[in-house]
Structure formats: structure tokens, C-alpha cells
Amino acid sequence: MDQARPTVSFQFGDAVAAAYHFDPGSGACRQTGVDPLPAAEGGWVWLHLKLTDIRARHWLARHGALPAAVAQWLLDGPDRVQMQRLDGWLVGAANGLHHDFAFEPDQIGRLRFCVGPNLLVTGRRHPLRVVDEIRRSLAGGSGPGTALGMLALIAGHLAAEAEAMVEKLMDEVDGIEDRVLDDRSTSRTVEDRQALGRIRRRAATLRRHLLPEGAVVAAGLDDLPDWADPAGRAGLAAAADRFRRVARSIDEVIDRARLLQDEIAAQRAEAMNRSLLALSVLTAIFLPMTLITGIFGMNVAGLPGLQSPEGFLWVMVLILVAGIATLALMFWRRMF
């Protein structure tokens with residue numbers, strides 16, 4: 001029978017993007033190694049792994065700190081936003097922004113996690129901004145008292161990221177709205193229409209990725225393990241409420257962008273109608289005038305005034321009178 005291979009040992013900076021040990025009594029934290037993990041009675045540990053590194057995958061598959069089903073889920077579980085119980089642990093996945101996020105749909109990555117009473121393991125396939133934010137927040141040497149509290153802190157940072165993106169979209173919409181509502185500003189109509197299209201596409205992408213977050217976290221609150229602490233529960237509940245507010249804000253951005261597009265289209269249609277009206281009025285005025293010039297331009301015998309020296313003057317007077325009469329008739333019939 002084949003003997004089990006030994007656990008791979010590595011330190012911070014290799015396959016581990018972050019590794020911290022927390023003292024629940026004092027709230028102090030420090031960077032730590034992966035093997036061996038600190039004892040349960042000595043506090044709790046947060047590990048953030050690079051799932052694209054074979055050493056991290058091998059550690060998850062071999063280390064006894066995680067139940068086999070939990071480790072397997074973290075490696076190959078469903079790649080969708082969720083949070084559920086598994087073998088007494090809480091496992092799930094959430095959406096996070098790439099570290100070099102440039103507001104493109106393919107730059108929203110997945111953060112996978114599993115949390116137990118004394119251990120939180122998160123993993124990613126692409127550097128995520130939220131991890132850097134958490135690490136900076138821990139630079140002062142203190143952090144949450146429990147692993148579930150850290151998960152709630154991560155969820156709160158993810159919600160804050162979403163809020164910042166939505167606020168940026170709101171600011172763009174505000175600027176366009178000011179120009180659209182100013183009837184004198186028509187020089188950037190095409191640019192504003194294109195910008196509103198981009199905003200709606202970005203908001204729709206964010207909505208698709210972020211809308212499930214609040215519902216998943218809220219549903220997971222009803223099925224937390226027995227070891228879940230009140231502070232962690234409260235933190236997750238606050239994050240769920242924040243995600244729901246972000247979802248409503250995204251819907252507001254989409255609605256406002258749609259209304260502004262409709263307003264721009266209405267303004268363009270109104271301007272086009274005014275131009276067509278002016279063209280129609282000019283056409284109607286010049287129609288009888290053109291008819292007169294056409295008649296007197298025929299090269300046939302019998303045209304009046306051909307031999308008269310005042311013929312040209314009378315034709316011009318007739319053309320002018322026809323134009324004025326047509327204009328007066330249009331005013332009388334209130335055609336414009």
C-alpha cells in the first residue's frame with residue numbers, strides 16, 4: 001500500500017498571499033507560517049492562499065487542519081456566489097475586484113473561503129484588492145477576535161468596494177444630467193449618449209456580479225454553525241444590508257441612465273422637428289414663387305410682358321406678393 005506523502009511546508013510569500021495569527025484575548029495579530037499551524041487554544045489563524053500555485057493545492061489536499069470535504073470544496077467547488085454549511089464548517093464564494101481593476105467585466109474575480117472555529121482559509125486565482133485592504137488594516141497589529149469576525153470584515157470591505165464603484169457611476173451620471181438638463185448645452189450630446197451606454201453596461205455587469213451577494217449572505221445567516229459568535233453574526237448581517245443598499249443604488253444608476261438617454265433622444269427629436277418645420281415653411285413659401293418663375297421661364301410665344309420694359313419688375317412684384325400671401329395664409333391657419 002502506498003504511503004501518504006508528507007505535507008508540503010512553505011512560508012509567507014510563496015503560495016500564501018497572507019497568513020496571520022490572532023490572539024482573541026487582546027485582539028493582537030502577527031504574521032505566521034503555515035506549517036505547523038498554531039494550536040487551537042493559542043488563538044485563531046487566517047490563511048489566504050494562491051490557488052493557482054500547486055503547493056497551495058497540495059497543502060489543502062494533505063493538511064489535517066481541514067476536513068477532506070471542505071478542502072475539496074475549496075479546491076474544486078462550484079464557482080458561483082454562495083455560502084453554506086459543510087461538515088460543521090462554513091464554506092462559500094464571493095466576488096471581489098482584481099488588484100489592477102480597470103472597470104472591465106472580466107476583472108471581477110472569485111474569493112473562495114472556508115471558516116471554522118479557529119481557522120479561516122481564503123483562496124483566489126488572481127490578486128484581489130480586498131486582500132490588500134485587509135492587510136493594510138491589520139498593519140496596526142490588531143484585528144477581529146474570531147475567524148467569523150474576519151469573514152464579516154472581508155464581506156464589509158467587499159461591500160465598500162461595490163459602494164465606491166457605484167458612487168463613481170453616480171458622479172458620472174450627475175455630470176451628464178447637469179449638461180442634459182441645461183438646454184443651452186448641446187455640444188456634447190453624442191459623447192454623453194456614448195458615456196451613458198458605457199455606464200449602463202458597467203452597472204449591469206456590477207448588478208449581475210453583486211446582486212447575489214446580499215441575498216446569499218442573508219440566507220447564510222439562518223444556517224450558521226453553532227460555534228458562530230454574536231459579533232461575527234452581526235458583522236455578516238451588516239454586510240448583507242450594505243450589499244442590498246448597493247444593489248438598490250445600482251438599480252437607481254441604471255434607471256437614471258435610461259431616463260437620461262430617453263431625454264437626450266427626445267431633445268434630439270425635438271431639434272430635428274424644429275429643423276424640419278423650418279424647412280417645410282421655407283418650402284411652402286417658395287413653392288408659389290417657384291411656380292411663377294417656372295411659368296415665366298418657359299420659352300413659348302404668347303407670354304405676357306415679353307416686349308414690355310416693365311415686365312421683369314411686375315414678375316418680381318408678383319413673386320414677392322405670392323410669398324407674402326403664402327406666409328400670411330400659414331399664419332392664419334396656425335400651421336406653425
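Criteria and cut-off values
Residues numbered from 1 in each chain as written. Predicted model: local features only at pLDDT ≥ 70, side-chain atom pairs only at ≥ 80, totals over all residues. Heavy atoms only, no water. 1 Å grid on protein atoms, 1.4 Å probe; cavity = no way out; pocket = protein on both sides within 12 Å on 5 of 7 lines; lining within 4 Å. Points joined across faces, edges and corners; volume = space filled by probe spheres on them. Helix = DSSP H or I, 4+ residues; strand = E, 2+ residues; numbered from the N terminus. Nonpolar A, V, L, I, M, F, W, Y, C, P; charged D, E, K, R; others polar. Axes fitted to C-alpha atoms, helices over the stretch in contact; angles between N-to-C directions. Parallel < 35°, antiparallel > 145°, perpendicular 65-115°, else oblique. Left-handed = near helix turned anticlockwise from the far one by under 90°. Phe/Tyr/Trp six-rings, centres within 6.5 Å; stacked < 30°, edge-to-face > 60°. Buried < 20%, exposed > 50% of the residue type's maximum accessible area, 1.4 Å probe, protein only. Lys NZ or Arg CZ within 6 Å of the ring centre and 35° of its normal. Pairing = 2+ DSSP bridges. Contact = heavy atoms within 4.5 Å. Salt bridge = Lys/Arg side-chain N within 4 Å of Asp/Glu carboxyl O. Expected span 1.5 Å × (residues − 1). Bend = angle between axes of the 7 residues up to and from the residue. pLDDT = per-residue confidence, 0-100. Core = buried A, V, L, I, M, F, W, Y, C linked by side-chain atoms within 4.5 Å.

(A) Fine view of empty space enclosed by the protein. Taken as a whole, this structure holds three cavities of 30 Å³ or more when the rule is applied. Here the largest cavity defines a volume of roughly 130 Å³. When residues of the lining of the largest cavity are traced back to their parent elements, those giving at least two are β4 (82-86), β5 (89-97), β6 (108-115), α4 (147-181), α5 (189-221) and α6 (230-296). Across the lining of the largest cavity, the residue classes break down as 14 nonpolar, one polar and one charged.

(B) Broad picture of the packing of α5 against α6. Following both chains from N to C, one finds α5 and α6 inclined at 155 degrees, their axes separated by 8 Å at the closest point. Here α5 lies roughly antiparallel to α6, going by the angle between them. Crossing of α5 over α6 shows left-handed handedness. For the contact of α5 with α6, the class distribution of residues is 22 nonpolar, four polar and 10 charged.

(C) Representation of the packing of aromatic side chains in the model. By the definition in use, this model includes three aromatic pairs. The interplanar angle of 15 degrees and the centroid separation of 6.0 Å between the aromatic rings of Tyr-20 and Trp-46 together place this pair among those described as stacked. Here Tyr-20, found in strand β1 (residues 16-22), pairs with Trp-46, found in strand β3 (residues 44-50); they are 26 residues apart in sequence, far enough to count as distant. For Tyr-20, a relative accessible area of 7% translates into the label buried. Taken together through their ring pairs, the aromatic side chains of Tyr-20, Phe-22, Trp-44 and Trp-46 make up a single cluster. Seen from the ring of Trp-73, Arg-112 lies directly overhead, with NZ or CZ sitting 4.5 Å from the centre.

(D) Just the sheet that holds strand β7 (residues 119-124), in detail. Reading across the sheet, the seven strands line up as β2-β1-β3-β7-β6-β5-β4 and stay open at both edges, with mixed pairing between neighbours. In the strand order of this sheet, the two ends are held by β2 (29-31) and β4, each with one partner. The sheet shows a mean angle of 20 degrees between the axes of neighbouring strands, direction not considered. One ladder, built from six bridges, connects β1 with β3; its direction is antiparallel. By the bridge assignment, Val-16 is partnered in β3 with Leu-49. The strands that helix α2 (residues 68-76) touches are β4, β5, β6 and β7; relative to β6, the one it contacts most, it runs at about 175 degrees.

(E) Highlighting the pattern of salt bridges. Scanning the model with the defined rule gives 12 salt bridges in all. For Arg-207, the salt bridge is made with Asp-251, and the minimal N-O distance between the two is 2.5 Å. Of this pair, Arg-207 sits in helix α5 while Asp-251 sits in helix α6, and the two are 44 residues apart along the sequence. A salt bridge links Arg-274 to Glu-270; the nearest nitrogen and oxygen atoms lie 3.2 Å apart. Note that Arg-274 and Glu-270 are positioned in helix α6 at a spacing of four residues, about one turn of the helix. Assessed through its relative accessible area of 47%, Glu-270 is described here as partly exposed.

(F) Structural view of α5. Spanning 33 residues, α5 covers 47 Å between terminal C-alpha atoms, matching the ideal 48 Å at 1.5 Å per step. Roughly 35 degrees is the biggest bend found in α5, and it falls at Arg-208, with proline Pro-212 one to four residues downstream.

(G) Geometry of the confidence of the model for the protein chain. Of the residues in the protein chain, 88% have a pLDDT of 70 or more, and the chain-wide mean is 81. Per-residue pLDDT stays below 50 along residues 1-9; that stretch engages in 13 contacts with residues further than four places along the chain or on separate chains.

(H) Examining unusual backbone geometry more closely. Positive phi outside glycine occurs at Asp-87, with the angle close to 55 degrees. Inspection of the secondary structure assignment puts Asp-87 in the loop between β4 and β5.

(I) Main features of the pairing of β7. Within β7, six of the six residues are buried, which leaves it mostly tucked inside the rest of the structure. Residues Leu-119, Val-121 and Gly-123 line one face of β7 and the alternating positions Leu-120, Thr-122 and Arg-124 line the opposite face, and both faces are buried. Judged from the six bridges that link them, β3 and β7 form a sheet pairing that is parallel. Considered in β7, the bridge of Leu-49 is made with Gly-123. Strand direction decides the pairing type here: β6 and β7, joined by four bridges, are antiparallel. From the neighbouring strand, Arg-112 faces β7, where its bridge partner is Gly-123. A loop of three residues connects β6 with β7, the two strands running antiparallel in sequence.

(J) Just the nonpolar core, in detail. Counting 37 residues, the largest nonpolar core has Phe-22, Trp-46, Leu-120, Leu-138, Met-150, Ile-154 and Leu-236 as the members making the most contacts within it. Take this core: its biggest share by element is nine residues, from α4. For Leu-138, the contacting residues outside a window of four places in its chain are Tyr-20, Phe-22, Cys-29, Trp-46, Gly-143 and Met-150. Residues Leu-97, Leu-169, Ile-176 and Ile-250 belong to the second largest nonpolar core, which totals 23 residues.

(K) View of the packing of α4 against α5. Remark: α4 packs on α5, axes separated minimally by 11 Å, with the N-to-C direction vectors making an angle of 155 degrees. With respect to α5, the element α4 is oriented roughly antiparallel. The chirality of how α4 crosses α5 is left-handed. Residues Ala-162, Met-165, Leu-169, Glu-172, Val-173, Ile-176 and Arg-179 of α4 form the contact with α5, whose own contacting residues are Asp-192, Ala-195, Leu-196, Ile-199, Arg-202, Ala-203, Leu-206 and Leu-210. Split by residue class, the contact of α4 with α5 holds 11 nonpolar, no polar and four charged.

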